[in-house]
Structure formats: structure tokens, C-alpha cells
Amino acid sequence: MSQDIKTDKPWGGRFSEPTDAFVERFTASVTFDKRLYRADIAGSIAHATMLAKQDILTNEESRKIIQGLEQIKNEIEAGSFEWSVSLEDVHMNIEAALTKKIGDVGKKLHTGRSRNDQVATDIRLFMREGIDAVSDAIRLVQQGIISLAEKETETIMPGFTHLQTAQPVSFAHHLMAWFEMLQRDYERMRDCRKRINVSPLGAAALAGTSFPIDRNMTAELLGFDKPAANSLDAVSDRDFAIEFCAAASLMMTHLSRISEELVIWTSAQFDFIELPDRFCTGSSIMPQKKNPDVPELVRGKSGRVYGHLVALLTLMKSQPLAYNKDNQEDKEPLFDTLDTIIDCLKAFADMIPAIKAKKESMRTAALKGFSTATDLADYLVRKGMAFRDAHEVVGKAVAYGVEKEKDLAEMSLAELQSFSADIEEDVFSVLSLEGSLNARNHIGGTAPQQVKLAIENAKIIIKQK
Ligand code: ARG
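Residues numbered from 1 in each chain as written. Predicted model: local features only at pLDDT ≥ 70, side-chain atom pairs only at ≥ 80, totals over all residues. Heavy atoms only, no water.

Colleague: Sorry, what's going on with the packing of aromatic side chains here?
Modeller: For any pair of aromatic rings, the description consists of the separation of the ring centres together with the inter-plane angle of the planes. Summed over the entire model, instances satisfying the criterion amount to eleven aromatic pairs. A ring pair is formed by W11 and F15, whose centres lie 4.9 Å apart and whose planes are at 55 degrees; its orientation type is tilted. The class for W11 is partly exposed, based on a relative accessible area of 28%. Between F22 and F26, the aromatic rings sit 5.4 Å apart at their centres with planes inclined by 20 degrees, giving stacked as the arrangement. (Phe/Tyr/Trp six-rings, centres within 6.5 Å; stacked < 30°, edge-to-face > 60°. Buried < 20%, exposed > 50% of the residue type's maximum accessible area, 1.4 Å probe, protein only.)

Colleague: Mind showing me how you'd approach the environment of F387 here?
Modeller: For F387, the position within the fold is in helix α15 (residues 387–404). Sequence separation between F387 and R184 is 203 residues, and the spatial gap between their C-alpha atoms is 35 Å. Excluding residues that lie within four positions of it along the chain, F387 makes contacts with A377, D378 and V381. (Helix = DSSP H or I, 4+ residues; strand = E, 2+ residues; numbered from the N terminus. Contact = heavy atoms within 4.5 Å.)

Colleague: Sorry if this is basic, but what is going on with the pattern of salt bridges here?
Modeller: Pairing between side chains becomes possible if they bear opposite charge and their charged atoms approach one another. Throughout the structure, instances matching the rule amount to 37 salt bridges. A salt bridge links E75 to K101; the shortest N-O distance between them is 2.5 Å. Placement of E75 in helix α4 (residues 59–78) and of K101 in helix α5 (residues 90–102) is noted, with a sequence separation of 26 residues between them. Since its relative accessible area comes to 25%, E75 is described here as partly exposed. Using a relative accessible area of 33% as the deciding quantity, one classes K101 as partly exposed. (Salt bridge = Lys/Arg side-chain N within 4 Å of Asp/Glu carboxyl O.)

Colleague: Please clarify how helix α13 (residues 359–367) should be interpreted in this entry.
Modeller: Because the α-helix completes a turn every 3.6 residues, residues three or four places apart line up on one side. Those residues of α13 lying buried are S361, M362, A365 and A366. Relative to the axis of α13, the buried residues are bounded by an arc of 135 degrees and lie together on one face. For α13, the elements touching its buried residues are β1 (156–161), α7 (171–196), β5 (273–274), β6 (356–357) and α18 (433–439). (Arc of directions from axis to C-beta.)

Here it is as C-alpha cells:
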């Protein structure tokens, strides 16, 4: 046989000299793809089960293979398995170990499949599990948001546009905006999972196999919804991985926005919240410092996740059908994306419910910056004035307030009436922070009554899969 001396590779038959040592290291993926071992073994067990049922292997052969694979799994988990770079990747490491363990029958496992459908199957299995973990982690953050929001429905803070004081809002209303962002992230992840959960197994190298395989059976054994419909597409496209990184990137955008707000709010200038000490660190030189490291780092980590998305898009771009070795480069960005977002979500799930709102400080801030100016304009409209005119009147009152350093609610009735005779004693309830919030009593508005309803609704939503 040709395998005698030239090369020890499972594919060595047509080669006349061993792989260059550098090329061996350069082309190997086992250092990182060994992480797929569980998926790889699950895929192989399903394949061997199907081969026996289709009489491509005998029951005895299939049983031996499956037993061997299970032993290998135990060895990997016990840390006693020896990975070899010269065996290139997770697939050939496991297959070689199988043959070593059970003898020549191990060589029959690869009947009717290729590493191309094998690796595509592995990644999909791995990512399905990853997405389930991400989904659970998002739910924990949402749960944390709800539990903080429940305590803060009546807490009033200034709402901002352009980071300038705009209108007073319930702090819980602001928190529930975060909930909504994460809910869309959750839905994107679940939706991405649908396209991941399709079985490439049986596509073999690219064209299918000449053996009478049962692709429905392997798909079902592995919990896939169906077999992939086209063998070329099945081994080639990594769009599902790109989609996952896109969903992860958007989620990191959201986490970075939340982080930014937390960083701003903990500053001495805002002083809206306190983060527990365990989520902060000090400075080696400035004794007074308590830095919001965790949100800062989450904000920073959005950069690497976006980077992985661009890496995968670029990796896939212009690849001709079907499998190309380029695709081996999909794993590290994917793994790092998954690890990064799981860590960020974990940090948030712990940190958010532990946030302490500085209610007095928020209230003081909400009383500055004429946050109820729109309420005064709306009041004048209810008295019969056109909105544009009311806007103008209130603008003048604000200019007066800036000059006198008085908020609208601090002006006397006579002062207010100097801007419009329509203004009466009842204006003061409109100008109060509570009045302003309560007035916005409709779906999605900031009235505490609505925010409580939104929280109740959110509690139902997070029970959904
Ligand atoms: N390690 C390879 C990868 O990750 C497995 C597939 C290799 N297939 C091949 N024809 N060389 O893509």
C-alpha cells in the first residue's frame, strides 16, 4: 500500500512526500476546533447508527464504532486524550484515535461522508447550543432589568434628547427601553437558530454519496428540523455564522449604549446611580476613584465582536461553490463572539439588579433644564391656543426663566400670566414632575401606571421560548 512510508495522513494515498512541517502547522485547526469534539462525536454516532440501519455497516460494526466514540468522549473530558497537530483537525484526531482503539472497523466510519459535511454539521450543532446559552443569558439580563424597574416606577429622572434635558421620565421607563432592545436581540437569536438547525450531513464532499444513506434519519437523530436541500450549499455556506455574528453585533451595540449610560450616570457630574463596589475598581494613584470598569469593558468589547462579523463576511465573500479551506477560518471568530457575548451578558445580569438609584439626585436633575416646558405648551393648547403659538409663548417664558434662574414651576402665577392670560392656578399641577409623567398615560408612555403595565407584560414575554 502507498501509506507505508511516505506520509502518515489518513488522506496520504496519493502523496509521495510528507507534508512540510510549516504547512502542517499552518493548515492545522485542531488547536481551536477541538472545541467541537462533542458535536463531532454526536454527528459520528448518528452517522454510524444510520449506516447500520441502511445495511451499509453491520450492527456489530456500528456498535463497536459507537462504543469507541463514547470512550473517546470520556477520555477528552477526562483530559487524557492526546491531540495531535499532525492529524490536522478535530475530525481526523478522533477518527485516528477510534481506529487505534477498535481496530480496522474504525476506518469504516467515514463511509458515505466527508469532512466537509462533517464540519458543517459540527458547527451547526455547536452553534445551536451556543445560541440556546445566549438566549438564556439574555433572559437573565431582562429579568434583572425587570427586578430593578419594579422598584423604580415612581422614580423620576430627566429624559434626554441630544443628551440635553428633554422631559421627565420614570426611571423604570428608561430601564424598560433596555428591556425592549434586548427582546429584539433575543428574537433575532431565536430566528437565526431556525436557519442553523438544518442538517448538512449526507452532503458528503459536495455532491452527495453513492451509498443509500437516510438523511432524514440522521437529521432527526441530531435534532435538526430537516436535511439541507442542496449538497453544494450545505457544505459551503457559512451565512448562518455571519447571521449569528450580526445578531451578536447588534446586541453588543445595545449593551454598549447601556454601558455608556451607566458610565455617565455614575460620574460625579450626573450622580444618578451607584454601582456596587464589586463591579468597579480603584485607581493606583487617585485614592478617591471608583471606576465603572465592567460597563466600560462591555462597551469596549463591542469592537471585537464587530470585527468578527466583518472577518466572517470577508471570509465568505467571493468564495466559489462548494467547500473551500477558507472556511476553516470561521471558527475562531465564532467562538470568540460566543464567549464574549456570554461574558458580557453574564456581567450585566449580575450588575443591573444591583444598581442603586440615587432618587434625590435624579429628581434634582429633572427639576433643572425646564423639563416641563412641553407640558406648559400642551396646557395652553388645551386652553384653545394653536400648538405653534403655545410653543412660542413657552419659549419666551423659558428665556425669562434662564435670565432669572427660575424653573417654570418656581414662577409665580402673575409671572406666568405675563406670557399668556390663558394661564390659571391649575397650571402648577401640570408643571410638577409627577403631573408631567402622569399626563403621558397611554401605551408606551412614561406614566407610572403604564410602566407598571409594561413590566407586567414583560414578565409574560420572558417566559416565552
Ligand atoms: N478543518 C476543516 C475545516 O474546518 C475541516 C474540513 C476539511 N475539509 C477539507 N476538504 N480539507 O474546514
